[in-house]
Amino acid sequence: MLTLFIIICAVILFFAIFEDYIEDKYKWLAFILIAICLIMYAGLRPIGFDRDSQNYAAAFLHPESLMSDYSYEPLFLLICTYFSTFSSEATVLLMFFAILGVSLKAYSIKRLTPLFFLPLLIYFSNFFILHETTQIRAGVASGLFLLAIKPLADGARIRAALIILVASLFHYSALSLFPLLILNNNDISRNRKIIYSCLIPLCFVLYSLDLDLLTTVPIPFVTDKVESYKMASEFGNVNKESILNPFPLMKMAVFLYFLYFSNTIKEYVPSINLIIKILGCSLLVYFAFSSVKIISTRLSELYGIVEIVAYPCIVFTIRPKAVGVLLVILMAFIELYFNLIQWEIL
């Protein structure tokens, strides 16, 4: 599986480097074929290859035993029940979620950006590993959220809200996306850019204060879930220093950089102002809830799905363009290094 992973990565990298020299019809063909390969890779992976597939296999075989357990969404258990009626192999469940997760992200990429393969590379190096090959329910939820970006940017809040509502059926964490409906795609004025840039020092203040904002207001089920995550963090010896890793630092740098170049990028990616605001929210929830690293990371990743479209926008701000391409590739490989080698997610 690792050899196949490297081959797919090499293919995406090749097309990302030479994208400008390829005709559009061949770009589309390669893009679709790569998406199919990603679906097959995630859907046909062996049970036990990743951290979560054994749990999903158990849920697939005995969904009735989990009906009273709020750890899984009712829709997920219904899907398990449906597929288990005609198959005893959990691979069918993994394939179903792989088709949804990869297809939603691939479709959304082409709705939001003119680029083909740099967004695919950023996706493959981080979110494909985190979601499609591990957290499959969150993978569908994040794909739906990415799908909601364009209607939200166009001011169609009801349509975006309905998409987010469907996302919450696949993963409870998507309920946290509803506050983002107040955001818009309006241009960011100079004064607002200064205000938004103050978010970075605020993040460091929140990090240093180590506030427990999640259990301040007791909410049934949510409080219990938070406490279980806190116990898991303590059991796993999750130290606070691990909060400040290259991922949020890279996001901070991109956030500030895009605040400056938002007008330039808007010519190519019309939704960029909304995407910048969501990147800022991703940073805020990460540091505001850093007392429980599992929750802060999950929420930040869900909000941060826009990185797939955002990070490659660097190429629109740098000349020669090849320098921007190399910078995006470097970011992708930093993510790959930490996901595969440092953190051993797969």
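Residues numbered from 1 in each chain as written. Predicted model: local features only at pLDDT ≥ 70, side-chain atom pairs only at ≥ 80, totals over all residues. Heavy atoms only, no water.

## With respect to the overall build of the chain
- On a plain count of helices and strands, the chain comes out with 16 helices and zero strands.
- Across the 346 residues that make up the chain, the buried fraction comes to 53%.
- Across the chain, contacts joining residues at least 24 apart in sequence account for 77% of those joining residues at least 6 apart.
- When the accessible surface of the chain is split by element, carbon and sulfur atoms take 68% of a total near 15800 Å². (Helix = DSSP H or I, 4+ residues; strand = E, 2+ residues; numbered from the N terminus. Buried < 20%, exposed > 50% of the residue type's maximum accessible area, 1.4 Å probe, protein only. Contact = heavy atoms within 4.5 Å. Areas by Shrake-Rupley, 256 points an atom, 1.4 Å probe, with all protein chains shown as cover.)

## Overview of the confidence of the model for the chain
- Residues at a pLDDT of 70 or more form 89% of the chain, whose mean pLDDT is 90.
- A low-confidence stretch, residues 234–238 stays under pLDDT 50, and its non-local contacts, those more than four residues away or across chains, total two contacts. (pLDDT = per-residue confidence, 0-100.)

## Examining unusual backbone geometry
- Residues R319 and P320 are joined by a peptide bond in cis, for which omega reads 0 degrees.
- In this fold, P320 is placed in the loop between helix 15 (307–310) and helix 16 (321–342).

## Some thoughts on helix 2 (residues 24–43)
- Its 20 residues place the ends of helix 2 28 Å apart at the C-alpha level, agreeing with the 28 Å of an ideal helix rising 1.5 Å per residue.
- All buried positions along helix 2 are accounted for by K27, A30, F31, I34, A35, L38, I39, Y41, A42 and G43.
- For helix 2, the elements touching its buried residues are helix 1 (2–17), helix 5 (91–112) and helix 6 (117–132). (Expected span 1.5 Å × (residues − 1).)

## Observations regarding the packing of helix 7 (residues 136–153) against helix 13 (residues 272–288)
- Put simply, helix 7 and helix 13 touch, their axes get as near as 9 Å, and they point 130 degrees apart. Here helix 7 is positioned oblique relative to helix 13, judged by the angle of their axes. Relative to helix 13, helix 7 is oriented so that their crossing is right-handed. Residues F145, I149, L152 and A153 of helix 7 form the contact with helix 13, whose participating residues are L274, I275 and I278. (Axes fitted to C-alpha atoms, helices over the stretch in contact; angles between N-to-C directions. Parallel < 35°, antiparallel > 145°, perpendicular 65-115°, else oblique. Left-handed = near helix turned anticlockwise from the far one by under 90°.)

## Re a nonpolar patch on the surface
- On the surface, Y26, W28, L29, I32, L33, I36, M40 and L44 cluster together to form a nonpolar patch covering roughly 770 Å² of accessible area.
- One can find Y26 in helix 2. (Patch = residues over 30% accessible without salt bridge, like charges linked within 9 Å, V, L, I, M, F, W, Y side chains within 5 Å. Salt bridge = Lys/Arg side-chain N within 4 Å of Asp/Glu carboxyl O.)

## Re the environment of M1
- Residue placement: M1 occurs in the segment before helix 1.
- By relative accessible area, M1 is classed as partly exposed at 34%.
- Not counting residues up to four positions away in its chain, the partners in contact with M1 are Y41, R45, P46 and F49.

## Thoughts on the environment of V254
- Assignment of secondary structure puts V254 in helix 12 (residues 246–266).
- Overall, the relative accessible area of 5% leaves V254 in the buried class.
- Not counting residues up to four positions away in its chain, the partners in contact with V254 are L279, Y311 and M331.

## Looking at the pattern of salt bridges
- Counting across every chain of the model gives eight salt bridges.
- In this structure, the salt-bridge partner of D50 is R45, at a minimum N-O distance of 2.7 Å. The two residues D50 and R45 agree in class, both being buried.
- A salt bridge links K105 to E132; the shortest N-O distance between them is 3.1 Å. Of the two residues, K105 sits in helix 5 while E132 sits in helix 6, which places them 27 residues apart along the sequence.
- The class for K105 is buried, based on a relative accessible area of 0%.

## A look at the nonpolar core
- F76, F117, I149, F258, I278 and F287 are the most contacted members of the largest nonpolar core, which has 122 residues in total.
- Take this core: its biggest share by element is twelve residues, from helix 13.
- In this structure, F287 is in contact with C203, L206, Y207, I243, L244, P248 and M252, ignoring residues within four places of it in sequence. (Core = buried A, V, L, I, M, F, W, Y, C linked by side-chain atoms within 4.5 Å.)

## Some points on the packing of aromatic side chains
- This structure, assessed with the given rule, holds 35 aromatic pairs.
- A centroid spacing of 5.3 Å and a plane angle of 90 degrees characterise the contact between Y337 and F338, whose relative ring orientation is edge-to-face.
- Here a set of aromatic residues connected by ring pairs shows up, and it is made of Y56, Y72, F76, Y82, F83, F86, F96, F97 and F170.
- In this structure, K110 is placed above the aromatic ring of W28, and the distance from its NZ or CZ to the ring centre is 5.8 Å.
- Between the NZ or CZ atom of K110 and the centre of the ring of F116, over which it lies, the distance is 3.7 Å. (Phe/Tyr/Trp six-rings, centres within 6.5 Å; stacked < 30°, edge-to-face > 60°. Lys NZ or Arg CZ within 6 Å of the ring centre and 35° of its normal.)

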